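Okay, here's what each chain looks like letter by letter:
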Amino acid sequence: MFIHLGSDKIIRASELIAIFDLSIEKSSKISKQFIQQANKDKRIEVIGEEECKSLVVTLNKVYYSPISSTTLKKRAHQLLTY
């Protein structure tokens, strides 16, 4: 099963670890540190050119997605309940 993250980016549902609203990046010291380390390790990918609304954490990358975290969570939930 696959999850569409926006633009032309699709990931395997089995790689998904977490989906967060982008506001977490500013509200949590731990999340800031996590993003800084992922950026240092070159594991961040920005999807498309639209404004980012969510962070998607996978086994190997952190994606900035233009799709809201609510929509992405619904997509992931639909895949996981079948």
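Residues numbered from 1 in each chain as written. Predicted model: local features only at pLDDT ≥ 70, side-chain atom pairs only at ≥ 80, totals over all residues. Heavy atoms only, no water.

Judged by nonpolar contacts, Ile3, Leu5, Ile11, Ala13, Ile19, Ile47, Val56, Tyr63, Ile67, Leu72 and Ala76 together constitute the single largest core of 11 residues. When residues of this core are traced back to their parent elements, those giving at least two are β1 (2–6) and α3 (69–80). Among the nonpolar cores identified, the runner-up in size contains six residues, and Ile35, Cys52, Leu55 and Val62 belong to it. (Core = buried A, V, L, I, M, F, W, Y, C linked by side-chain atoms within 4.5 Å. Buried < 20%, exposed > 50% of the residue type's maximum accessible area, 1.4 Å probe, protein only. Helix = DSSP H or I, 4+ residues; strand = E, 2+ residues; numbered from the N terminus.)

With that settled, consider unusual backbone geometry. Of note, the phi angle at Ser7 is positive, near 50 degrees, even though the residue is not glycine. Within the secondary structure, Ser7 is located in the loop between β1 and β2 (9–12). Positive phi is not limited to glycine here, since Lys42 has a value of about 60 degrees. Relative to the helices and strands, Lys42 resides in the loop between α2 (29–40) and β4 (44–46). Take Lys42: its relative accessible area is 72%, and that puts it in the exposed class.

Right, let's get into the pattern of salt bridges. One pass over the structure, following the stated rule, counts two salt bridges. Residue Asp41 pairs with Arg43 through a salt bridge whose shortest N-O separation is 3.9 Å. Look at Asp41 and you get partly exposed, because its relative accessible area is 40%. The exposure class of Arg43 is partly exposed, given its relative accessible area of 24%. The closest approach of N and O atoms between Glu45 and Lys61, which form a salt bridge, is 3.0 Å. A residue pair is termed long-range when its members are at least 10 positions apart, and Glu45 in strand β4 and Lys61 in the loop between β5 (54–58) and β6 (62–65) qualify at 16 residues. In this structure Lys61 comes out as partly exposed when scored by relative accessible area, which is 28%. (Salt bridge = Lys/Arg side-chain N within 4 Å of Asp/Glu carboxyl O.)

Right, let's talk about the pairing of β6 for a bit. The two faces of the sheet receive side chains in turn, since in a regular strand these alternate between them. Burial along β6 is two-sided: the face carrying Val62 and Tyr64 and the face carrying Tyr63 and Ser65 are both buried. In this sheet, β6 lies alongside β4 in parallel orientation, the contact comprising three bridges. Across the sheet, residue Ile44 finds its bridge partner in β6, namely Val62. The sheet contact formed by β5 and β6 spans four bridges and is antiparallel. Counterpart to Leu55 in the pairing with β6 is Tyr64. (Pairing = 2+ DSSP bridges.)

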